[in-house]
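# Structural overview for review
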Amino acid sequence: MQTIRGFRDILPENIALWQKVEKEATRLFKQFGYEEIRIPILEKTELFARSIGEVTDIVEKEMYTFADRKGDKLTLRPEATASIVRSYIQHKMYAAEPVRKFYTIGPMFRRERPQKGRYRQFYQIDAEVFGVESAYVDAELVFILNELFTALGLSDLKAHINSLGCAECRPSYQKALLDFISTKTEHLCENCLRRMDKNPLRILDCKVESCANALTDAPATLDHLCSACDDHFNTVKRALEQQNVAFTVDKSLVRGLDYYTRTAFEILTTNLGAQSAVAGGGRYDRLTEELGGPPTPAIGFAIGYDRLVEVMEALDNVPTPDVLDLFILTLGDDATHKGYIWASELNRMGLRCEVDYRGKSMKALMKRANKLNARHVLIVGEDELAKNALILRNMTTKEQTDIQVDQVVDTCLARLKP
Ligand code: HAM
């Protein structure tokens with residue numbers, strides 16, 4: 001049996017980087033006042049269709065959707081934002097305290113064509129802030145991403161930012177865009193032609209070469225912002241400049257989900273072959289209301305966790321493997337029994353310690369100790385037990401010390417605890 005296409009195991013030998021990223025991300029979230037939230041993997045299809053948008057690649061082509069035994073239409077979550085908004089509304093969080101900052105980490109599902117950095121089950125590290133319209137929150141999110149990537153040793157990532165306008169200025173922009181697109185129809189793919197009336201903004205995101213070429217001079221949202229959106233975007237830029245966060249204003253950045261308003265951003269890398277995004281996000285000031293909650297400004301991002309780990313691997317930024325503090329090498333039943341008791345006690349007291357219970361020879365056990373990267377080996381054979389002098393061997397210096405049977409736990413703790 002094999003995993004299904006686009007799904008994969010993350011094996012213990014590859015987990016160190018995943019843990020390093022998670023540790024750093026959760027440290028930062030805590031530091032900046034974000035609370036962890038855990039949301040279901042399965043939701044009603046309608047939630048994603050209404051929030052991400054009916055006429056988007058995700059909803060039209062990529063969701064894992066099925067009817068359950070009662071015929072309810074359910075979908076494996078393709079992202080976390082919609083569920084967090086649902087949760088914010090369902091639990092009436094706005095009533096007690098409208099300003100909330102959340103993070104969540106977990107698997108998402110999209111049936112895309114698998115390739116390096118693109119999977120059908122992939123992981124996101126997601127952050128969302130509710131209840132604040134101020135541009136300083138937009139800057140804070142980009143700042144946090146910058147902090148995280150710098151802490152992880154990734155200095156060559158580029159932040160691209162744009163503003164997509166609001167309900168006020170979007171209609172006049174859409175009109176300008178449609179006027180432009182109407183002159184280019186002969187170059188557009190079928191998908192774009194179909195989307196023209198329903199969702200013209202999506203055409204800007206089309207990856208088909210002829211569409212992309214035809215749209216290079218398309219009007220940009222940035223040139224159609226109302227003065228409130230313009231001020232908002234200027235504040236984001238000014239804050240980031242002052243914080244020395246490098247960014248590029250990218251007029252062509254539209255993002256692939258429909259809920260965005262005002263600031264949108266992506267963090268790009270060239271380390272995964274073609275330029276691709278390791279993180280993306282933006283404001284969605286209307287979504288909470290559209291899903292039945294009170295009007296609530298909100299903004300968030302999601303990091304592609306798999307991609308981030310792959311960029312770190314590409315840069316050889318791999319942590320050194322864990323070492324074992326002590327390997328208790330036991331020969332014979334009595335020794336193995338004692339070894340088991342000591343090892344459990346030492347594990348409990350904070351020492352990484354192992355025994356091999358397979359009854360192997362001295363030579364095989366020494367080999368195993370080396371394989372496990374043991375810093376010390378305690379040799380417990382019949383002779384050593386009879387003489388009440390067990391041998392503690394430092395595997396680096398090769399120095400050996402005798403230890404009495406009733407002193408094992410205390411001595412090992414005193415000498416070996418890191
Ligand atoms: P997104 O741009 O669709 O945004 O995804 C965010 C990140 O997830 C991408 O930049 C990419 O690194 C990663 N990603 C997406 N699809 C895949 C895949 N198939 N395989 C591996 N990695 C992938 C969102 O999901 C929004 N919910 C972000 C957001 C949060 N906006 C506001 N709040």
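The coordinates are above.
These remarks concern the structure in this document. (Residues numbered from 1 in each chain as written. Predicted model: local features only at pLDDT ≥ 70, side-chain atom pairs only at ≥ 80, totals over all residues. Heavy atoms only, no water.)

## Points about empty space enclosed by the protein
Keep this limit in mind: The way it works is a 1 Å grid over only the protein atoms, where trapped points that fit a 1.4 Å probe form a cavity and open points with protein on both sides within 12 Å along at least five of seven lines form a pocket, and then any residue with an atom within 4 Å of a point lines it. Grid points are joined across faces, edges and corners, and a volume is the space filled by probe spheres set on the points. Under the scheme used here, helices are H or I runs from DSSP no shorter than 4 residues and strands are E runs no shorter than 2 residues, and both carry numbers assigned from the N terminus. For this classification, the nonpolar set comprises Ala, Val, Leu, Ile, Met, Phe, Trp, Tyr, Cys and Pro, the charged set comprises Asp, Glu, Lys and Arg, and every other residue, Gly included, is treated as polar.
Summed over all chains, the structure comprises 2 cavities of 30 Å³ or more. By volume, the largest cavity amounts to about 40 Å³. Lining the largest cavity, in full, are Ala25, Leu28, Phe29, Ile144, Leu145, Leu148, Phe301 and Ile303. Of all the secondary structure elements, the ones that give two or more residues to the lining of the largest cavity are α1 (15–31), α6 (135–151) and β11 (298–304). Class assignment for the residues of the lining of the largest cavity results in 8 nonpolar, no polar and no charged. In this structure, the second largest cavity encloses a volume near 30 Å³. Together, Leu164, Gly165, Cys169, Arg170, Tyr173, Thr221, His224 and Leu225 line the second largest cavity. Of the residues assigned to the lining of the second largest cavity, the class counts are 4 nonpolar, 3 polar and 1 charged.

## Focus on the sheet that holds strand β4 (residues 73–76)
The line we're drawing: Note on pairing: DSSP must find at least two bridges between two strands before they are called paired. Axis geometry follows a simple rule: fit a line to the C-alpha atoms, using only the stretch in contact for helices, then measure angles between N-to-C directions, giving values from 0 to 180 degrees. Note on definitions: a residue-residue contact is assigned when non-hydrogen atoms from the two residues lie within 4.5 Å.
With antiparallel pairing, the 3 strands of this open sheet are ordered in space as β2-β4-β3. A strand with exactly one partner marks an edge of an open sheet, and here the two such strands are β2 (42–44) and β3 (65–67). Averaged over all pairs of adjacent strands, the angle between strand axes in this sheet comes to 35°, irrespective of strand direction. In this sheet, β4 lies alongside β2 in antiparallel orientation, the contact comprising 3 bridges. Across the sheet, the residue bridging to Glu43 is Thr75, located in β4. Of the strands in this sheet, β2, β3 and β4 touch helix α2 (residues 45–52), which is tilted by about 75° from β2.

## Observations regarding the packing of aromatic side chains
Two aromatic rings, taken as a pair, are described by how far apart their centres are and by the angle between their planes. The criterion, for reference: Stacked, edge-to-face and tilted labels apply to pairs of Phe, Tyr and Trp rings (six-membered ring for Trp) whose centres lie within 6.5 Å, assigned for plane angles under 30 degrees, over 60, and everything in between, in that order. The classification of residues rests on relative accessible area computed with a 1.4 Å probe and restricted to protein chains. Under 20% of the type maximum is buried, over 50% is exposed, and intermediate values are partly exposed. A ring is considered to have a charge above it if a Lys NZ or an Arg CZ atom is located within 6 Å of its centre and within 35 degrees of its normal.
This structure, assessed with the given rule, holds 15 aromatic pairs. Ring centres of Phe29 and Phe301 lie 6.4 Å apart, and the angle between their planes is 25°; on these two criteria the pair is classed as stacked. With Phe29 in helix α1 and Phe301 in strand β11, this pair connects stretches of sequence that are 272 residues apart. Take Phe301: its relative accessible area is 2%, and that puts it in the buried class. One aromatic cluster is present, built from ring pairs that chain together Tyr88, Tyr94, Phe102, Phe130, Tyr259, Tyr260 and Tyr284. In this structure, Arg8 packs its charged tip against the face of Tyr119, placed 3.9 Å from the ring centre.

## Side note on the pairing of strand β6 (residues 121–130)
With respect to burial, β6 is a largely interior element, 9 of its 10 residues being buried. The sheet contact formed by strand β5 (residues 100–109) and β6 spans 10 bridges and is antiparallel. Considered in β6, the bridge of Tyr103 is made with Ala127.

## Points about the sheet that holds β6
Taken in spatial order, the 8 strands of this open sheet run β1-β5-β6-β11-β10-β9-β7-β8, and their pairing is mixed. Edge strands, defined here as strands with exactly one partner in the open sheet, are β1 (35–36) and β8 (247–249). One ladder, built from 3 bridges, connects strand β7 (residues 158–163) with β8; its direction is parallel. Bridge assignment links Ile161 to a residue of β8, and that residue is Val249.

## Concerning a nonpolar patch on the surface
Put simply, the rule reads: Candidate patch residues must exceed 30% relative accessible area and have no salt bridge, after which like charges are joined if within 9 Å and Val, Leu, Ile, Met, Phe, Trp or Tyr side chains if within 5 Å. Method for areas: the Shrake-Rupley scheme with a 1.4 Å probe, in which residue coverage is limited to the protein chains shown. Here, a salt bridge means any side-chain nitrogen of Lys or Arg that lies within 4 Å of a carboxyl oxygen of Asp or Glu.
A cluster of nonpolar residues, Tyr340, Ile341 and Tyr357, forms a patch on the protein surface that exposes about 330 Å² of accessible area. Take Tyr357: it is sitting in the loop between β13 (353–355) and α14 (362–371). For Tyr357, a relative accessible area of 48% puts it in the partly exposed group.

## Topic: the pattern of salt bridges
Once their charged atoms are close, side chains differing in charge can pair, the charge on each being opposite to the other. Per the stated rule, a full pass over the model turns up 28 salt bridges. One salt bridge connects Glu133 with Arg262, and the closest N-O pair in it is separated by 3.4 Å. Taken together, the residues span a long stretch of sequence, with Glu133 in the loop between β6 and α6 and Arg262 in strand β9 (residues 261–269) at a distance of 129 residues. A relative accessible area of 8% places Arg262 in the buried class. In this structure, Arg283 engages Asp138 in a salt bridge whose closest nitrogen and oxygen atoms are separated by 2.8 Å. Residue Arg283 is found in strand β10 (residues 276–283), and its partner Asp138 is found in helix α6; the two are separated by 145 residues along the sequence. On the accessibility criterion, Arg283 (0% relative accessible area) is buried. Ionic contacts of the salt-bridge type, sharing partners, join the residues Asp57, Glu60, Lys61, Arg194 and Arg195 into one network.

## Digging into the nonpolar core
Rules: By convention a nonpolar core is built from buried Ala, Val, Leu, Ile, Met, Phe, Trp, Tyr and Cys residues, the set being connected through side-chain atoms within 4.5 Å.
Phe149, Phe301 and Ile303 are the most contacted members of the largest nonpolar core, which has 51 residues in total. No other element matches the 10 residues that α6 contributes to this core. Ignoring anything within four residues of it in the chain, the contact list for Ile303 reads Tyr123, Gln124, Ile125, Leu145, Leu148, Phe149, Val278, Ala279 and Leu308. Counting residues in each nonpolar core, the second largest holds 32 residues, with Leu47, Phe48, Ala82 and Tyr259 among its members.

## Description of helix α8 (residues 190–198)
Residues spaced three or four apart along an α-helix point in a common direction, a consequence of the helix completing one turn every 3.6 residues. To be explicit about the condition: The arc under discussion is defined with respect to the helix axis, by the directions toward the C-beta atoms.
Every buried residue of α8 is listed here: Cys192, Arg195 and Met196. One side of α8 holds all its buried residues, which, seen down the axis, span an arc of 125°. When the buried face of α8 is taken as reference, the exposed residues oriented beyond 90 degrees from it are Glu190, Asp197 and Lys198. Lining the buried residues of α8 we find α3 (57–62), α7 (170–182) and α9 (209–214).

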